[in-house]
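# Survey of secondary and tertiary structure
Residue-level listing of the chains:
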Amino acid sequence: MSLIEKAVQRLDALKQASGEQAAARVSTDLAPNVVAAPEPVAEVALGAGRTSSSVPEANRVPLPNPQVSRSIQIDLHRFAQIGMVTPDLPRSAIAEEFRLIKRPLLQNATATGPTAIENGSLIMVTSAMPGEGKSFTAINLAISMAMELDYTVLLVDADVSRPSVLNRLGLPPERGLMDVLSGEVSDLGDVLLRTNIEKLSILPAGMPHSRATEMLASESMNRLLEQIANRYPDRIIVFDSPPLLVTTEARVLATHMGQVVIVVEAEQTTHGTIKQALATIEGCPVKLMVLNKSRGQGSGSYYGYGYGYGSEARPEAA
Ligand SMILES: Nc1ncnc2c1ncn2[C@@H]1O[C@H](COP(=O)(O)OP(=O)(O)OP(=O)(O)O)[C@@H](O)[C@H]1O
Ligand SMILES: [Mg+2]
């Protein structure tokens, strides 16, 4: 059975085994912040986020040393209100969900010896189609990982055509990945943003570029990833990415990654679509599927959101 077939079969089993999902899928009953809204939570949550796209002056923290990356302030109170992971609420339902999701990723990222995975600390979050929850997952995952004692995390907005990480944080666009790749910014440190979550930094997408795909495939990208790896050897790097089946950018990006998280929107994405998406990243060492927006077990709420691993595929060579 091929890797793809196994992955899809696992997802099938996950979807069907509604009575046996305790370990595989986190019940949305655990996440009152996420499921309780009468409207689709997605709209409610992001409506709040989008209203504040300009940065209040008070959110800018001046840095003593201009050589060091600048700091930004994430409004953690608002984040908690819209059901995102925050360090202040480590036991919230959403934090519990992401605790389960991050665990195998961290294990893979830090594995040594025969189980070591090349570039395991480079984790890309993608999906087959737009709107399945990549950015939501990437941001929550990065915050959740940064809450761990042992890890520092860099969240890279690699959805360079439609960046959204800074917008979600209530911040305006900034220079970033594309500007480093194009050579307009020579020092990565100039565009890295430190945050008020101590162990979390952000590399914004930067200015849109017509040759984004080529730049992601370029030698500069290889150099940049090497630079990041050398500069922050103890760091996990989470990439929010474009969808796999819409542009070629995500496929190109995946060639650099040790682990790929594929977000699957429950009851929307067909098996055929998932198969196609997996086929585009066959070469990536580790692929994990997260079932998103699944109906909460017993919650009765159509708009319940939940997560679960659909598959974990390890290559023979890993
Ligand atoms: N588990 C979840 N709980 C609540 N809201 C969610 C969840 N997953 C996604 N959403 C919401 O669904 C919408 C789409 O999510 P998101 O923007 O993260 O998707 P995306 O895959 O990054 O989209 P794009 O392809 O446009 O980049 C957003 O409004 C987001 O807040
Ligand atoms: Mg997105």
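Note on numbering: residues in each chain are counted from 1, in written sequence order. As they are written, the chains are lettered A onward and the ligands numbered 1 onward, keeping that order. In view of the model being predicted, local features appear only for residues whose pLDDT reaches at least 70, and side-chain atom pairs are presented and counted only at 80 or more, with totals across whole chains, interfaces and linings using the full set of residues.

## Considerations on the overall build of the chain
Along the backbone of the chain there are 12 helices and 10 strands. Considering only contacts in the chain between residues 6 or more positions apart, those separated by 24 or more positions represent 76%. The helix count covers DSSP runs of H or I at least four residues long, the strand count covers runs of E at least two residues long, and both are numbered beginning at the N terminus. Note on contacts: each residue gets a C-beta atom placed from the backbone, and two residues are in contact if those atoms are within 7 Å.

## Quick look at the packing of helix α5 (residues 93-110) against helix α6 (residues 134-146)
It is the contact of α5 with α6, at a shortest axis distance of 9 Å, that shows an interaxial angle of 80°. As summarised for this structure, α5 and α6 are arranged roughly perpendicular, according to the angle between their axes. In this structure, α5 contributes Ile94, Ala95, Phe98, Arg99, Ile101, Lys102 and Leu106 to the contact, and α6 contributes Asn140, Leu141, Ser144 and Met145. Gly falls in the polar group here, along with every residue not listed as nonpolar (Ala, Val, Leu, Ile, Met, Phe, Trp, Tyr, Cys, Pro) or charged (Asp, Glu, Lys, Arg). Within the contact of α5 with α6, the residues separate by chemical class into seven nonpolar, two polar and two charged. Where helices are involved, their axes are fitted lines through C-alpha atoms of the stretch in contact, as for all axes, and angles between N-to-C directions lie from 0 to 180°. If an angle is under 35 degrees, it is roughly parallel; if it is over 145, roughly antiparallel; if it lies from 65 to 115, roughly perpendicular; otherwise it is oblique.

## Here's the deal with α6
What a helix is expected to span follows from its residue count: subtract one and scale by 1.5 Å. Counted at 1.5 Å a residue, the expected span for α6 with its 13 residues is 18 Å, and the 18 Å between its end C-alpha atoms agrees. With 13 of its 13 residues buried, α6 lies for the most part within the structure. Partly exposed residues are those whose C-beta has more than 12 but fewer than 20 other C-beta atoms within 10 Å; 20 or more makes a residue buried and 12 or fewer makes it exposed, with C-beta atoms placed from the backbone.

## Quick notes on the pairing of strand β6 (residues 200-203)
Here β6 shows no split at all, with Leu200 and Ile202 on one side and Ser201 and Leu203 on the other all buried. At least two DSSP bridges between two strands are needed for those strands to be called paired. Note that strand β5 (residues 193-195) and β6 share two bridges and pair antiparallel. Considered in β6, the bridge of Arg194 is made with Ser201. Hairpin connection between β5 and β6: a loop of four residues separates the two successive antiparallel strands.

## Here we look at the nonpolar core
Residues Ile123, Ala142, Leu155 and Val238 are the most contacted members of the largest nonpolar core, which totals 79 residues. When residues in this core are grouped by element, the largest group, eight residues, is from α6. Once residues lying within four places of it in the same chain are set aside, the contact partners of Ile123 are Leu105, Ala109, Ile236, Ile237, Val238, Phe239, Met257, Gln259 and Val261. As used throughout, a nonpolar core is a set of buried Ala, Val, Leu, Ile, Met, Phe, Trp, Tyr and Cys residues joined through C-beta atoms within 7 Å of each other.

## Structural notes on the environment of Thr280
Within the secondary structure layout, Thr280 lies in helix α12 (residues 271-280). Apart from residues lying up to four places away in sequence, Thr280 is in contact with Leu244 and Arg251.

## What about the pairing of strand β3 (residues 122-127)?
Judged by how many residues are buried, β3 sits mostly within the fold: six of six residues are covered. Here β3 shows a buried face lined by Leu122, Met124 and Thr126 and a second buried face lined by Ile123, Val125 and Ser127. Of the pairings in the sheet, the one linking β3 to strand β7 (residues 235-240) comprises four bridges and is parallel in character. Its bridge partner being in β7, Leu122 is matched across the sheet by Ile237. Pairing geometry for β3 and strand β8 (residues 259-265), over five bridges, is parallel.

## Concerning unusual backbone geometry
A positive phi angle, close to 55°, is found at Asn119, a residue other than glycine. You can see Asn119 is positioned in the loop between α5 and β3. When the 17 C-beta atoms within 10 Å are taken as the criterion, Asn119 is described as partly exposed.

## Points about α12
Restricting attention to buried positions, one finds in α12 the residues Ile274, Ala277 and Leu278. Along the axis of α12, the buried residues cluster in a sector spanning 100°; they form a single face. To obtain the arc, one takes the directions from the helix axis to the C-beta atoms.

## Things to note about the confidence of the model for the chain
For every residue, the pLDDT score states the predictor's confidence, bounded by 0 at the bottom and 100 at the top. Residues at a pLDDT of 70 or more form 71% of the chain, whose mean pLDDT is 77. The low-confidence segment residues 17-67, where pLDDT is below 50, has 85 contacts with residues more than four positions distant or belonging to other chains. Counted against residues more than four places away or in other chains, residues 297-306, with its pLDDT under 50, gives 32 contacts.

## Looking at the environment of Ala250
Within the secondary structure layout, Ala250 lies in helix α11 (residues 249-254). For Ala250 and Val160, which are 90 residues apart along the polypeptide, the C-alpha to C-alpha distance reads 9.9 Å. Contacts of Ala250, omitting those with residues within four sequence positions, involve Thr126, Ser241, Pro242, Pro243 and Leu244.

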